[in-house]
Protein chains: 6
Amino acid sequence: MNSMPLRPSGRQFDQLRPVKMEINVNKYAEGSCLIQLGNTHVLCTASIDTQVPSFLRNTGKGWVTAEYGMLPRSTATRTEREATRGKVSGRTQEIQRLIGRSLRAVTNLNSLGERQIFIDCDVLQADGGTRTAAITGGYIALHQAVMRLVKTGMIKQFPLLDHIAAVSCGIYQGKPVLDLEYIEDSNAEVDANFVLTGRGEIVEIQSTAEKNSFTQPQLLQMLELAQKATRYLVEQQKQILAGLVTS
Amino acid sequence: MNSMPLRPSGRQFDQLRPVKMEINVNKYAEGSCLIQLGNTHVLCTASIDTQVPSFLRNTGKGWVTAEYGMLPRSTATRTEREATRGKVSGRTQEIQRLIGRSLRAVTNLNSLGERQIFIDCDVLQADGGTRTAAITGGYIALHQAVMRLVKTGMIKQFPLLDHIAAVSCGIYQGKPVLDLEYIEDSNAEVDANFVLTGRGEIVEIQSTAEKNSFTQPQLLQMLELAQKATRYLVEQQKQILAGLVTS
Amino acid sequence: MNSMPLRPSGRQFDQLRPVKMEINVNKYAEGSCLIQLGNTHVLCTASIDTQVPSFLRNTGKGWVTAEYGMLPRSTATRTEREATRGKVSGRTQEIQRLIGRSLRAVTNLNSLGERQIFIDCDVLQADGGTRTAAITGGYIALHQAVMRLVKTGMIKQFPLLDHIAAVSCGIYQGKPVLDLEYIEDSNAEVDANFVLTGRGEIVEIQSTAEKNSFTQPQLLQMLELAQKATRYLVEQQKQILAGLVTS
Amino acid sequence: MNSMPLRPSGRQFDQLRPVKMEINVNKYAEGSCLIQLGNTHVLCTASIDTQVPSFLRNTGKGWVTAEYGMLPRSTATRTEREATRGKVSGRTQEIQRLIGRSLRAVTNLNSLGERQIFIDCDVLQADGGTRTAAITGGYIALHQAVMRLVKTGMIKQFPLLDHIAAVSCGIYQGKPVLDLEYIEDSNAEVDANFVLTGRGEIVEIQSTAEKNSFTQPQLLQMLELAQKATRYLVEQQKQILAGLVTS
Amino acid sequence: MNSMPLRPSGRQFDQLRPVKMEINVNKYAEGSCLIQLGNTHVLCTASIDTQVPSFLRNTGKGWVTAEYGMLPRSTATRTEREATRGKVSGRTQEIQRLIGRSLRAVTNLNSLGERQIFIDCDVLQADGGTRTAAITGGYIALHQAVMRLVKTGMIKQFPLLDHIAAVSCGIYQGKPVLDLEYIEDSNAEVDANFVLTGRGEIVEIQSTAEKNSFTQPQLLQMLELAQKATRYLVEQQKQILAGLVTS
Amino acid sequence: MNSMPLRPSGRQFDQLRPVKMEINVNKYAEGSCLIQLGNTHVLCTASIDTQVPSFLRNTGKGWVTAEYGMLPRSTATRTEREATRGKVSGRTQEIQRLIGRSLRAVTNLNSLGERQIFIDCDVLQADGGTRTAAITGGYIALHQAVMRLVKTGMIKQFPLLDHIAAVSCGIYQGKPVLDLEYIEDSNAEVDANFVLTGRGEIVEIQSTAEKNSFTQPQLLQMLELAQKATRYLVEQQKQILAGLVTS
């Protein structure tokens, strides 16, 4: 791999940006985490609600859902507020559906009881990879919230089946690379998001080649990069939740 | 593969539903195709517009975009109209973004000139796999529309770089299967959509495991099923466009 | 009437376009009819819902309502989707209110019991007269749906009091003519829609002269044309419902 | 007609409610009229705008359009504001389209020049017949506005081709009656609105039988009632515009 | 105060415009008042509703709320309808919140019982000071509505604790002046609204200096002008409610 | 003042919560400040836009505007996102209009040139006083942005005429107190916001007594508290902008 093209970020093809996860950053939320992945900063909070969506009423089953937003100046040039525009964009909806599905994939909704946990992921600053950072940080907030339910006796069984973490990969000048910054993402031929469990199994792959197509070997190389990176992220999640690091 | 579980549809794990593509089904559109994949029926039309989105004005470049809709009774129970609800759902937006990206991936937007082609995909009847059928049928409508531009001298170079077709796969009782009907889709552990070019390269993978996770070997098996099926679909596209079949 | 002006369509002043009604065109709906009136094609489905509008709750009475939509490329140039615009236009609302009122006029809502029937009328291709075609075809779908309720014992008394059918008329170069195509409609001085029962009585007249005014004799001549045409359409409805024609 | 059923209002079958039209009721508008038809009170204003709708730009042609609204407590029980609900109802849209078409039918849009006149019709109190009162009163406001254009030399030719006035009729206990109050309208079998010119020609008929159907002779009787009533209303318009009555 | 600048209106610095309040101007409402303050005309109605907002259900407590609207041609140039724009502007919301708060400040919501009173304030003609006129006139409508509740035995205790009235003040060429007309308001450096009780205590002050700032002595001078003017308005309210003036 | 009632916060009647302003907290914005007033945390950014609102085009004049938002879990219980609800609430609009007016009051819009500065104020955590904190912190962001315009030669004259800062006051158990926390605000009889310049002059007063009324002496006591507190806040602004404190 000596001949790898120089990435705009100067990072190695398999090098993650510095990650920092800070917990208890919100006085009110049942769980909270400010995740920083380089210049991408996402504030994740978990809120427990006693109401479930109507399709779950009287089933004894719970739900985990996510909402995602960007502050207007989280981006290089100011982005108009979705509240002002009066609607949530297609991109935002795609992202919040992805985060919700990913977190539900590791949650036993039956043990949760008839309650709903909202994971709000608000991007304070964006530099690529906000949706994957939101999943990784959102897991922390979710974990804190369910721990609180366990500790207060609201639920009996710890409902999380595994850790979950996510990263983006891409193909830059024909080579798979890990964790694209905004400038790299804009120039990549392929953009792929991988959501993986603590055991390394796949929960979601979204891989898009708007400018080009890609091959099966390239897919596998990206998957490998993602597996290595999420192993590291899961390790970080465990330490922060265990109180071993105070971020 | 003798021990394969019986699919609810009774089909083999690698068996596609009967496909039928009928062209010129609309008197006005620059291209049109009614694609039937078993009980899934999608009407695709191509409309050429002389206006491009604002970010392309004065660039000499064109655009391909897609819109997707379901008739209220395309579904087993009636679905409320999005026009009545006053907004396009997140699911619809995800699908129309996917169709648009997929078709643009095989279109040379520079040769298109400063014009936009709308691909409208309206589901008359739904039984699983509407979004992938829309891509496969939408390609036919797009092809007809650009041929018209070429024949009338509006553009000089045929702008389509390759064929494109899509199928869904899933994991049912632990085994990868091809082309899920609605009843199968509801019970599958994993739901995956593959968009592939005529050369078999990948343009988009969306693979979701809401109930479970899956492994790399399972991903590869699904990809293989998809490659075989899209080879067949591309062959059908070529015949219908060559006038070899009249549907 | 030898001196009649030549209609753009080449038809006689009292000549209807070829009519074709195909039933059972939708696998799920309780009733369905694809009505083709020349190049005007409208897909009508009937859906039975167990919920009535709030003003009828606990009255034992049912309701028939209609919704109307046009596919974007049902028109000569593409029309923006109402779902995308985020609201139903005034024209669409006028039309769906007209269809609903017309069908209710021949329905005994008391015999229907506390249930609602939605008649969805979606225009696949438009060439004038879509609203009247929707009423004529919508009646077929409604008839099938109520027959199903009768056959399954859900209701005891057949609730339809009469047939209903509709046509448009107009005044073209000063003379009343029947069933205007789009090109004729655009040039007519007066545009009139007549909804009549099987017995020839009037349920609704909407007659508009934006470019001119008209006289009582002209109104009567148009009404006569409409009565003759709807007698024919009602005859067709009877045959298709009796299975005498398979369309 | 001795055997006529007693109308709830106690009026004769062909008796109009007392009409009063007051002009110059608004300090700013280019034309204004408060029309009172019994307990139905509609405030009509005309506003001249230098912008025409986009389809008329650079055609030299003008436009007349109407908007209609009801104050929340114009009705017996309070009606929610359309502004609060965030959308204009189908009924309102139907009415404002009707008023606009009716006024345009007697306006030479070419002589108007490239300007638009808004006729705003706001119902202060409603007791049946608000849409027809709005047309009759709206004509007054329009007349004043175009007179102002003529007097100030903005346009050369007086653009109104004829007067226009409207009334409602209905069939009550099988008999045609004129000018229904709310209580009568609720119990009528047929509800019909007639818009007629000063010469007695028809511009618009909207006749609806939700509870029943009606016959050709009944239609003609209603038309006759309407012709007599609008002759009277046109006479009133002439007097108020000539300054012969000060209302 | 000889050196006071001449106000555009020609009024003295402490001179109110002629006030006229007419009651019983609406046939249906439980209370109604047309208040005219010079060329500012606001129609206020009170409607009693048996439903309270959800946060008050089963509390035995009532609510008073207000809505505000402007007819399109209440202004010098036509203002687009909020219903047409599909949303209530920020200005309108501010005003209706202010009117509601002000009226609630003098209402014992407990004595009202579990019912809601809507005060609708619709501006027929605007010339500055519409929000303060709406409070003064809205009080009259509210008073009539609660009197009706008392007289019919629906409530036992008269729930209004005091009168309430409002005026605007401003600073014009450095001097505090009372009751600004539109032309004065546009040129004033400071715009202030005072809502005061019958006893002269303050319920609300909204004082804004977009072009300049102001001092504590100026604030006190404006408050004094407002106190004198609202004393007069409260006196007028008492007379009109006592039937001493018939307006 | 020995007999002052104990405030729920334990603070003295004239005691401000600890204030902390941190600048340069956003990588992209032209100015940014995270202001913390006890548990109220507001992130303020300034964004320079080359487009002015349409009413200012070609006037050479600039504009300062503000937007305000709350993260869903900035509050004790989760608040629904305004983007999800599809509209900006009346409260939010009131607040953002207040912030904008306040900042414009100290800005020479002519020296700004034809550009617009957006001040986005996003509440990360709310504990009372978010709107006043947003004004105080928004001034810092605005100051940084205009300094950048001056330093880069985009504008010649420093356009800020004075500092501006804001605090809330209230009347608690009959006594004026400074800077209410949420728990105090809920129990206060009067809620007042004061926006004052560096010189101590008044730019805006919004004082509301929903539960009670208040007197002129009480108004003056609150104004005095506000003047003292804003003097302190302006001093802090000067130090942070001078780089004397690094927060």
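See above for the structure.
Residues numbered from 1 in each chain as written. Chains lettered and ligands numbered in written order. Predicted model: local features only at pLDDT ≥ 70, side-chain atom pairs only at ≥ 80, totals over all residues. Heavy atoms only, no water.

Trainee: Any chance you could break down the sheet that holds strand S3 (residues 40-49) of chain C for me, citing the residues and the numbers?
Mentor: Residues and elements named next belong to chain C. One open sheet holds the five strands; their spatial order is S1-S2-S3-S5-S4, and the pairing between them is mixed. Whereas interior strands pair on both sides, the edge strands pair on one side only; in this sheet they are strand S1 (19-23) and strand S4 (63-70). Strand-to-strand, the axes of this sheet are offset by a mean angle of 20°, without reference to chain direction. Pairing of S4 with strand S5 (residues 116-125) involves eight bridges; the strand directions are parallel. Bridging across to S5, Glu-67 finds its partner in Asp-120. Each of S1, strand S2 (31-37), S3, S4 and S5 touches helix H3 (residues 130-151); the most contacted strand, S3, lies at about 35° to it. (Pairing = 2+ DSSP bridges. Helix = DSSP H or I, 4+ residues; strand = E, 2+ residues; numbered from the N terminus. Axes fitted to C-alpha atoms, helices over the stretch in contact; angles between N-to-C directions. Contact = heavy atoms within 4.5 Å.)

Trainee: Can you break down the relation of the copies chain A and chain F residue by residue, with the values?
Mentor: Expressed as a screw operation, the relation of chain A to chain F combines 0.0 Å of axial shift with a rotation of 180°, fitting to an RMSD of 0.0 Å. Both copies are brought into coincidence by an operation consistent with a two-fold rotation axis. (Least-squares fit on C-alpha atoms with pLDDT ≥ 70 in both.)

Trainee: I'd love a proper account of the interface of chain E and chain F, names of residues and values included.
Mentor: The interface of chain E with chain F comprises 30 residues on the first partner and 30 residues on the second. Ranking the residues of chain E by area buried against chain F places Glu-94, Ile-202 and Glu-210 of chain E at the top, with a combined share of 20%. Put simply, chain E and chain F have two salt bridges between them. Put simply, Arg-97 of chain E and Glu-94 of chain F hold a salt bridge, and the shortest N to O gap is 2.5 Å. Where chain E meets chain F, there are 14 residue pairs in polar contact (both at pLDDT 80 or more). If you list the elements that add at least two residues to the side of chain E that touches chain F, you get helix H2 (90-105), strand S9 (202-208) and helix H5 (216-242) of chain E. Sorting elements by how many residues they give to the side of chain E that touches chain F places H2 of chain E first, with eight residues. Residue composition of the side of chain E that touches chain F, grouped by class: eleven nonpolar, eleven polar and eight charged. (Buried area = accessible area lost by both parts, 1.4 Å probe. Salt bridge = Lys/Arg side-chain N within 4 Å of Asp/Glu carboxyl O. Polar contact = N/O pair within 3.5 Å; in protein donor to acceptor, adjacent residues only side chain to side chain. Nonpolar A, V, L, I, M, F, W, Y, C, P; charged D, E, K, R; others polar.)

Trainee: So what's going on with the interface of chain A and chain F? Residues and values would help.
Mentor: Note: interface size is frequently given as the accessible area lost on complex formation between the parts. Opposite the 36 residues of chain A that make contact, chain F presents 36 residues. Surface buried jointly by chain A and chain F totals about 2,700 Å² across both partners, of which 47% is contributed by carbon and sulfur atoms. Per-residue buried area on chain A facing chain F is highest for Tyr-28, Arg-73 and Arg-78 of chain A; these three make up 28% of the total on that side. Viewed at the interface, chain F and chain A are joined by twelve salt bridges. A salt bridge links Arg-81 of chain A to Asp-120 of chain F; its shortest N-O distance comes to 2.7 Å. Listing elements by their share of the side of chain A that touches chain F, those giving two or more residues are strand S3 (40-49), strand S4 (63-70), helix H1 (82-85) and strand S5 (116-125) of chain A. In terms of residue count, the dominant contributor to the side of chain A that touches chain F is S5 of chain A (six residues).

Trainee: Help me get a handle on the pattern of salt bridges, residues and values and all.
Mentor: Applying the stated rule across the entire model yields 102 salt bridges over all chains. Here the salt bridges do not stand alone but share partners, grouping Arg-7, Arg-11, Arg-17, Asp-127, Asp-179, Glu-181 and Glu-184 of chain A into one network.

Trainee: How would you sum up the environment of Glu-184 of chain E? Please name residues and give values.
Mentor: All names here are of chain E. The residue Glu-184 is located in helix H4 (residues 182-187) in this model. On the basis of relative accessibility, which here comes to 2%, the residue Glu-184 falls in the buried class. For Glu-184 and Asp-127, which are 57 residues apart along the polypeptide, the C-alpha to C-alpha distance reads 9.8 Å. (Buried < 20%, exposed > 50% of the residue type's maximum accessible area, 1.4 Å probe, protein only.)

Trainee: So what's going on with the pairing of strand S5 (residues 116-125) of chain D? Which residues, and what values?
Mentor: Residues and elements named next belong to chain D. Taking burial as the measure, the ten residues of S5 include ten buried ones, the bulk of the element. Sheet topology note: the strand S3 (residues 40-49)/S5 ladder contains nine bridges and is antiparallel. Within the sheet, the bridge partner assigned to Val-42 lies in S5 and is Val-123.

Trainee: Give me the lowdown on the sheet that holds strand S1 (residues 19-23) of chain B, citing residues and values where you can.
Mentor: Paired through backbone hydrogen bonds, the strands of a sheet run either parallel or antiparallel to each other. Residues and elements named next belong to chain B. The five strands lie next to each other as S1-S2-S3-S5-S4, forming an open sheet whose pairing is mixed. At either end of the open sheet lies a strand with only one pairing partner, and these are S1 and strand S4 (63-70). When the angles between neighbouring strand axes are averaged without regard to direction, this sheet yields 20°. Relative to the sheet, helix H3 (residues 130-151) contacts S1, strand S2 (31-37), strand S3 (40-49), S4 and strand S5 (116-125), its axis offset from that of S3 by approximately 35°.

Trainee: Now, about the relation of the copies chain E and chain F: what can you tell me, with residues and values included?
Mentor: Expressed as a screw operation, the relation of chain E to chain F combines 0.0 Å of axial shift with a rotation of 180°, fitting to an RMSD of 0.0 Å. The residues that chain E uses at the interface reappear at the interface of chain F in 100% of cases, marking a shared surface.

Trainee: Tell me about the packing of aromatic side chains, and please be specific about residues and values.
Mentor: This structure, assessed with the given rule, holds six aromatic pairs over all chains. Geometrically, the ring pair formed by Phe-55 of chain E and Trp-63 of chain E is edge-to-face, given 5.2 Å between the ring centres and 90° between the ring planes. Judged by relative accessible area, Phe-55 of chain E falls into the exposed class, the value being 53%. Looking at Trp-63 of chain E, the relative accessible area reads 15%, which means it is buried. Here the basic side chain of Arg-78 of chain C rests over the ring of Phe-118 of chain B, its NZ or CZ set 4.0 Å away from the ring centre. (Phe/Tyr/Trp six-rings, centres within 6.5 Å; stacked < 30°, edge-to-face > 60°. Lys NZ or Arg CZ within 6 Å of the ring centre and 35° of its normal.)

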